[in-house]
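Close look at the chain arrangement
For reference, the chains in residue letters:
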Amino acid sequence: MSKLKEIISKMSFSNISYKAQRNIIIIAFLAVPMTLLATFAFLPVINMFWYSFTDWNGYSKMNFVGLDNYKTIFSNPEYFSVFRVSLYYFFATFVQLGIALYFATILSFEVKFKNFFKGVLFFPYLLNGVAIGLMFLLFFRADGTLDTVLHAIGLGDYTQMWLGNPKLINISLAGVSVWRYMGFNFIIFLGAISSIPNEIYEASEIDGANRWHQFIYIILPSIKIIVSLNLILAVSGSLSAFEIPFIMTGGANGSATFVIQTVNTAFRYGKIGLGSAMAVVLLFIVVVVTGIQRKFFSEGD
Amino acid sequence: MGKKLMVLFMSLFLLVMLAACGGDNDNATDSGDGGSDDNGSSEEKPMHEAWKDMDPEEIEGDLTVLTHRTDIVDSVYQEYKEQFEAKYPNVNVVFEALNDYGGDIMPRINTQDFGDVQYLPVEVPIQDIPNFFEPMGSLADMEQNFLGVEERAVNGTVYGIPIAVTYTGVIYNKAVFEEAGVTELPETQAEFLEALQMVKDNTDAIPLYTNYADAWPLTQWQGALSTTAGSETYYNIDILDDPRPFEAGDPHYEHYKLMYDVAEQGLIENDPLTTDWEASKVMMNNGEIATMVLGSWALEQIQSSGPNADDIAIMAYPNDQDRTLFSLGADYNVSISKFSDNKPAAFAWVDWFINESGYSVEQAGGISASKEVPLPEALAEAEAAGAEFVMLEPSPEELQGKLDEIDNESEVGLWGQDKKQVLVEAAIGNRDMTFDDVMNSWNDAWEAAYNKIME
């Protein structure tokens, strides 16, 4: 009896060396998320890389075609000209971050109805993308909400074909995107700002700093990393803008983004191989852009 | 040490995952090949014959039927279920309605789990159809009894029967035409434009509603192409002789010239970007829209969208030909999965749906594919008035599927929507292109694909 106990106590977890314990726990805990990550993130990406070297149409047998798909993309300017549309979303990104930072700063000081405003600003991010698309379709249509409001405040002469005018359509759509994602940036900024200790503000007030000084010399330096993180998220988001233009216009009237084009190539024209190659190209562009940004923002950290 | 272990563990893990996947693929192809061999060597009656010998009581199982009719799946389809189950009491029918059938079915096809009864997706290349679907009989036999089965037949075997046969024309509101002072139905493109101008000048109605934002209604125009061509051989045969089929004088050029002209002359809706299909049906019924180019399937839907069913009628697409020719085109082709466990029940459903349900006339505004079902009244009248309803001649055997291949390769998309939207954009001045520029871009893309495919 006592022998059995001895064996059991020897096998027990606490008798293994600390290092081995640590490894076992790390592996056991990581196994679940890694399995999920591998199944739903890595595996599809690996598959996509494989498809990009084939001429698969979704149904027939695949044939390996080497780099043909990539040659098609890089030798045909049509595939790249749509990145022009991404520029609209790219510039909108800065507007979006600017507004988010502005509201986050204001609401981090003492303001009446603080929580109410926080809720209002964050609310759009909680809405479903399809709902937003339909909502703004009504908002922008001729004699829709926007036009009605403009008429009501005496600016009726400024009404436009918000989506019908090819020069305006991307600005309108980028505006919707700003409205939707601003709340997300805002909440992250707000969190970062609230982690700045109060004493620093008090000390600066004694030194005679006003709100603007506090923003420039205390808040901005403290949340620099968060700003760059938000910027990376927003820029890669602008390159892969999809949901809002796809739901609202389906890419019509010159509003097609690279992702819309990829989806159409793969699923409308049955060129899964070529579509995968386009997705791989986009992946690399996003990786490169992110890399460049990190290079610029990482000094000093 | 810990780091190294982790890396080792992760890479092992990934390898196992990959290997598992690879294994799956191999198995799938193996069993597929094995299955087809079995079919070839078996002496038994094929399933499409065998089920007819069974007693209705013997046929049993849970049957999953895919449909694209999200609008009536809870109403009309439930009646179908009742009627069918009364005849075959041991079958339990379950419907699954897909909002975007063409897009949703594609990823599912390769999983082998796509219902027992569904439609042949038009995206499946013809030669691949036998890999996924159950044969329904030989073309020679089926042709005797059904319209339109030759369209997606493979090597003399039929894999799908059209759920309805429809035709395309211009749906118009009689009351609006009357108010505008259009007394005789326009026959040529010039007369049609004149009539639309009168509608614009004399009424508040929109002369022609494109439904540009929903985009798929623009693809409906293609269905009337053979009316413009005035020939049943052009679409599948003659077009393949011409590497540049969109030049002035060619049927496609003349056909889409009308789309460009109406848009350019401001005879369409004001803001095409915010159109709405469901609303357009109601507007047309109420006399706020004069015309729309659509298939006959839409007639019933527009008539039932308001109180003025009698005002809505369909006429031939304006053309300069001597004959008024409506080409009959198959709607979706109903098919049976090769991987189904309930094939007898599936065949029973297909047979009942095509011959007895009345779907094709009542719900799809067309003609039944079954030759035993008589022509609807309205068609019989039009036929008496000189219109011809014809099936298009299929492509010759050796060129089968080539048209689709060129179309996809070139991304012109004869039945697609992108290029038609571009055409409308050019016409309303949103793009710096004339009609000839648009046609030339189609020609160039088509020619490149033509040379690649036909070489």
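Residues numbered from 1 in each chain as written. Chains lettered and ligands numbered in written order. Predicted model: local features only at pLDDT ≥ 70, side-chain atom pairs only at ≥ 80, totals over all residues.

As named in an unreviewed UniProt entry, chain B is Sugar ABC transporter substrate-binding protein, taken from Halolactibacillus alkaliphilus. According to the UniProt record, the Sequence similarities (unreviewed entry) comment for chain B is "Belongs to the bacterial solute-binding protein 1 family." (UniProt positions renumbered as here; feature names shortened; annotations may be inferred.)

In the nomenclature of an unreviewed UniProt entry, chain A corresponds to ABC transporter permease from the organism Halolactibacillus alkaliphilus. UniProt lists a comment for chain A under the heading Subcellular location (unreviewed entry), and it reads "Cell membrane". Annotation of chain A in UniProt includes, under Sequence similarities (unreviewed entry), the sentence "Belongs to the binding-protein-dependent transport system permease family."

1. Quick look at the overall build of chain A
Helix and strand counts for chain A stand at 15 helices and zero strands. Relative to the globule expectation of 19 Å for 301 residues, the C-alpha radius of gyration of chain A, 26 Å, shows a markedly less compact shape. Here the C-alpha coordinates of chain A stretch approximately 95 × 75 × 40 Å along the principal axes. A burial count over chain A gives 28% of its 301 residues as buried. Excluding contacts between residues fewer than 6 apart, the proportion of contacts in chain A whose partners are at least 24 apart in sequence is 70%. (Helix = DSSP H or I, 4+ residues; strand = E, 2+ residues; numbered from the N terminus. Rg over C-alpha atoms; globule rule 2.2 N^0.38 Å. Buried ≥ 20, exposed ≤ 12 C-beta atoms within 10 Å, placed from the backbone. Contact = placed C-beta atoms within 7 Å.)

2. Regarding the overall build of chain B
Regarding its fold elements, chain B presents 18 helices and 14 strands. Dimensions of chain B, computed from C-alpha atoms along their principal axes, come out at roughly 75 × 65 × 45 Å. Burial statistics for chain B: of 455 residues in total, 41% are counted as buried. For chain B, contacts bridging at least 24 residues in sequence account for 74% of all contacts bridging at least 6.

3. Considerations on the sheet that holds strand S14 (residues 388-391) of chain B
Residue and element names in this part refer to chain B. Judged by pairing direction, the sheet is mixed, and its three strands sit side by side in the order S7-S12-S14 without closing on themselves. Both edges of this open sheet fall to strand S7 (165-166) and S14, since each of them pairs with a single strand only. Across two bridges, S7 lies against strand S12 (residues 325-330) in antiparallel orientation. Across the sheet, the residue bridging to Thr166 is Gly329, located in S12. (Pairing = 2+ DSSP bridges.)

4. A closer look at the domain arrangement of chain B
Residue and element names in this part refer to chain B. The domain architecture assigned to chain B consists of domain 1 (48-162 + 332-365) and domain 2 (167-329 + 395-454). Placing the centre of domain 1 and that of domain 2 at their C-alpha centroids yields a distance of 30 Å. Between domain 1 and domain 2, the residue contacts involve seven residues of the former and eight residues of the latter. For the side of domain 1 that touches domain 2, the class distribution of residues is four nonpolar, three polar and no charged. (Domains from an automatic or database assignment. Nonpolar A, V, L, I, M, F, W, Y, C, P; charged D, E, K, R; others polar.)

5. Some thoughts on the nonpolar core
If you look at the biggest cluster of nonpolar residues, it comprises 153 residues, and the most contacted ones within it are Ala104 and Phe189 of chain A together with Val117, Ile171, Ala290, Trp349 and Val350 of chain B. With 12 residues, the top contributor of residues to this core is helix H9 (residues 169-194) of chain A. With residues up to four places along the chain from it excluded, the contact list for Ile171 of chain B reads Thr291, Met292, Leu294, Ala298, Leu299, Ile302, Ile312 and Ile314 of chain B. (Core = buried A, V, L, I, M, F, W, Y, C linked by C-beta atoms within 7 Å.)

6. As for the UniProt feature "transmembrane region" (unreviewed entry) in chain A
Residues and elements named next belong to chain A. UniProt annotation of "transmembrane region" (unreviewed entry) refers to residues 24-53, 87-109, 121-140, 168-194, 215-235, 241-260 and 272-292 when read in the numbering used here. Counted over residues 87-109, helix gives 96% and strand 0%. Its end C-alpha atoms are 34 Å apart. As annotated, residues 215-235 has a helix share of 95% and a strand share of 0%, and its two end C-alpha atoms lie 24 Å apart.

7. Things to note about the interface of chain A and chain B
Contacts between chain A and chain B engage 29 residues on the former and 27 residues on the latter. Every element with two or more residues in the side of chain A that touches chain B is listed here: helix H2 (18-51), helix H7 (129-140) and helix H14 (258-268) of chain A. Among the elements that line the side of chain A that touches chain B, the one with the most residues is H2 of chain A, at eight residues. Taken together, the residues of the side of chain A that touches chain B break down into 16 nonpolar, 10 polar and three charged.

8. Brief notes about the environment of Phe246 of chain A
All names here are of chain A. Structurally, Phe246 is set in helix H13 (residues 243-248). Judged by local crowding, Phe246 falls into the buried class, with 20 C-beta atoms found within 10 Å. When the C-alpha atoms of Phe246 and Gly133 are compared, they prove to be 8.7 Å apart, with 113 residues separating the residues in sequence. The residues contacting Phe246, other than those within four sequence positions of it, are Gly251 and Ile260.

9. Some remarks on the sheet that holds strand S11 (residues 312-315) of chain B
Residue and element names in this part refer to chain B. Across the sheet, four strands lie side by side as S9-S10-S8-S11; this open sheet has mixed pairing. In the strand order of this sheet, the two ends are held by strand S9 (206-208) and S11, each with one partner. Mean inter-strand twist for the sheet, computed between neighbouring axes without regard to direction, equals 30 degrees. Sheet strands in contact with helix H7 (residues 189-202) are S9 and strand S10 (289-295), and its direction is about 170 degrees off that of S9. (Axes fitted to C-alpha atoms, helices over the stretch in contact; angles between N-to-C directions.)

10. Observations regarding the environment of Leu274 of chain A
Residue and element names in this part refer to chain A. Among the structural elements, Leu274 can be located in helix H15 (residues 272-297). Once the C-alpha coordinates of Leu274 and Tyr70 are considered, the two residues, 204 residues apart in sequence, prove to be 7.7 Å apart. Discounting chain neighbours no more than four positions away, the residues touching Leu274 are Asn69, Thr72 and Thr265.

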